[in-house]
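Below are the chains, spelled out letter by letter.
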Protein chains: 2
Amino acid sequence: MVDIYRSRCGATSELRERHDPIIYGRWNPQAPLTQRQVEFYERNGYLILKNVFIDDEVKRLQEEAQSLIADPAAMNQDTIITESGGNEVRSIFAIHQQNTLFARLAADQRLAGIARFLLDDIPYIHQSRLNYKPGFAGKEFYWHSDFETWHVEDGMPQMRALSMSVLLADNNENNGPLLLIPGSHASYITCVGETPEEHYRTSLRKQEYGVPDCDSLRHLASMHGIEAMTGEAGTVVMFDCNIMHGSNSNITPFPRSNAFFVYNACSNALVEPFGPKTQRPAFVADRSFEPLCIVDGTLTE
Amino acid sequence: MVDIYRSRCGATSELRERHDPIIYGRWNPQAPLTQRQVEFYERNGYLILKNVFIDDEVKRLQEEAQSLIADPAAMNQDTIITESGGNEVRSIFAIHQQNTLFARLAADQRLAGIARFLLDDIPYIHQSRLNYKPGFAGKEFYWHSDFETWHVEDGMPQMRALSMSVLLADNNENNGPLLLIPGSHASYITCVGETPEEHYRTSLRKQEYGVPDCDSLRHLASMHGIEAMTGEAGTVVMFDCNIMHGSNSNITPFPRSNAFFVYNACSNALVEPFGPKTQRPAFVADRSFEPLCIVDGTLTE
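This text gives an overview of the structure that appears in the document.

Calculation notes
- Residues numbered from 1 in each chain as written.
- Chains lettered and ligands numbered in written order.
- Predicted model: local features only at pLDDT ≥ 70, side-chain atom pairs only at ≥ 80, totals over all residues.
- Heavy atoms only, no water.
- Buried < 20%, exposed > 50% of the residue type's maximum accessible area, 1.4 Å probe, protein only.
- Helix = DSSP H or I, 4+ residues; strand = E, 2+ residues; numbered from the N terminus.
- Polar contact = N/O pair within 3.5 Å; in protein donor to acceptor, adjacent residues only side chain to side chain.
- Phe/Tyr/Trp six-rings, centres within 6.5 Å; stacked < 30°, edge-to-face > 60°.
- Lys NZ or Arg CZ within 6 Å of the ring centre and 35° of its normal.
- Contact = heavy atoms within 4.5 Å.
- Buried area = accessible area lost by both parts, 1.4 Å probe.
- Nonpolar A, V, L, I, M, F, W, Y, C, P; charged D, E, K, R; others polar.

### A look at helix H5 (residues 109-119) of chain A
All names here are of chain A.
- In terms of burial, H5 is largely enclosed, as 8 of its 11 residues are buried.
- Residues of H5 that are buried: Leu111, Ala112, Gly113, Ile114, Ala115, Phe117, Leu118 and Leu119.
- Among the residues of H5, the N-terminal cap falls to Asp108, whose side-chain oxygen and the backbone nitrogen of Arg110 are separated by 2.8 Å.
- Asp120 sits one or two residues past H5 and shows a positive phi near 50°.

Laid out in structure tokens, this is it:
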């Protein structure tokens, strides 16, 4: 397979073209998004959907998340990622495989239905996690395109995937919200430096390879600006697999948590990684490619 | 002298009363602030003044700041503070003693005149600095009350001082702006732990003592919220010496810089430190107590 998204091979970074569509589905009145929402997503690479879940659903998800984070020993230990330089839980991976409520959430029509429309294909969950950015001590996470990593380290062939973050706490400008560069999904920045073996062990906490260069970031941010993905608990933030994003630290007392799902098109299932030959573990990049069985109704039924 | 603001002595933190006024001057129509501004400052402990300096003045200050940061070797080396874990200049202290333009700025009627009114006394510069928070790599700075440190480590007797930050770059929500808890200036949080000798050598980069406890911060932030001090270059942010403040990291490409002056009332000049016996150096806590000679007019005259 020709690698149209080569990265971490050259001595310099390059800003290249994206070769894939952003929207695969064709809008029609039955689509799960309005035409305006689809156009916004295509142009900006993200969309914020407010009040997707009702209060009782949000409460149930929050309680479930709290109980999981309070007892990490009950989970598969490989899937627990702690803060860089600390012991606080930052993320629990493969959450949809370890918990029935989060499995149900991943398959929900209000998330998976939109993914199916935008990807114009049955989606599967490439990666899922419960993210927890603690108050006082939440660390920053540097700019990156998820696709660059998924392509190089996991062998995702094309840009036909997207992420959905269900906010489980109020995210405002001050508690380290997701920052992204609108429109950056339409370019592809190649990164410098070879990937070390077993990179995922450190990169889930602090990324050091697959990091875009300062000139490209300055160019993109000056051209497009930077937007903070803020909203109340229950808000859904969805964004393209190739959008440039990161987050600042969180010194506020207010933790920031979300449930995070990556939907990949079944037709875009992983092949051999384009970078290092060792595959990352299944909890980071699933290879069962199980088509999602989309479920209607609310989470409290 | 009885220490009414004892701190770093007990095993637990305490939220105590402030014993000093916030506004010392009495408002009158000749005051350099409107009555509404004075009331806002008294209640919230801060005030943002827009368009204080005209474009030409801002440009001149920016150029001067750039040239100083570009050639730190020309300055007193003790006054140069680099980023924690890096070599980038974070601050240059005693800037009003090393540069005529910044000396002129410190004495400007639009800053010093307001300080004189609020403190109801001739002010002197307790500390000054040029702050530079680099893009991509600007680190967070944890919550603290300046007064707690100035009292314990420098011997500032009472809360009769204030800070003014002249923004030299656009500060928005995303590039690590100053965060403060409005209203927190009306309480005094005592901190735990004795101060090590020569604490200033590390504390100017990363504070580890004189740090308030999580419960008090949670209480204050839940009660009052958190405000980001944003504004365009040329904006002046002024705040009480005892307000709780800090800042998150800055992963954006956009650096954040400001000129920072602490005005203390001459009648509130430093005595022996209330904590460790060794005095901090003059570039951090000046002991010449030279009354400011306030200057009218613009910086470009």
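### Looking at the packing of aromatic side chains
Residues and elements named next belong to chain A.
- Applying the stated rule across the entire model yields 16 aromatic pairs over all chains.
- With a centroid separation of 4.9 Å and an interplanar angle of 65°, the aromatic rings of Tyr5 and Tyr188 are classed as edge-to-face. Here Tyr5, found in the segment before strand S1 (14-17), pairs with Tyr188, found in strand S9 (residues 187-190); they are 183 residues apart in sequence, far enough to count as distant. Here Tyr5 matches Tyr188 in class, with each residue buried.
- Cluster of aromatic residues (ring-pair linked, three or more members): Tyr5, Phe147 and Tyr188.
- Across the ring face of Phe260, the terminal group of Arg129 is positioned such that the distance to the ring centre comes to 4.4 Å.

### A closer look at the interface of chain B and chain A
- The partner chain A presents 25 residues to the 25 residues of chain B that form the contact.
- For the pair chain B and chain A, the summed buried area comes to about 2100 Å², and 63% of that belongs to carbon and sulfur atoms.
- If you sort the residues of chain B by the area they bury against chain A, Phe136, Asn174 and Ile251 of chain B come out on top, with a joint share of 32%.
- Counting across the chain B and chain A interface gives 15 residue pairs in polar contact (both at pLDDT 80 or more).
- Those elements that provide at least two residues to the side of chain B that touches chain A are strand S6 (141-145), helix H8 (214-224) and strand S12 (244-247) of chain B.
- Tallying contributions element by element places H8 of chain B first for the side of chain B that touches chain A, with 5 residues.
- When the residues that make up the side of chain B that touches chain A are grouped by side-chain class, the tally is 13 nonpolar, 8 polar and 4 charged.

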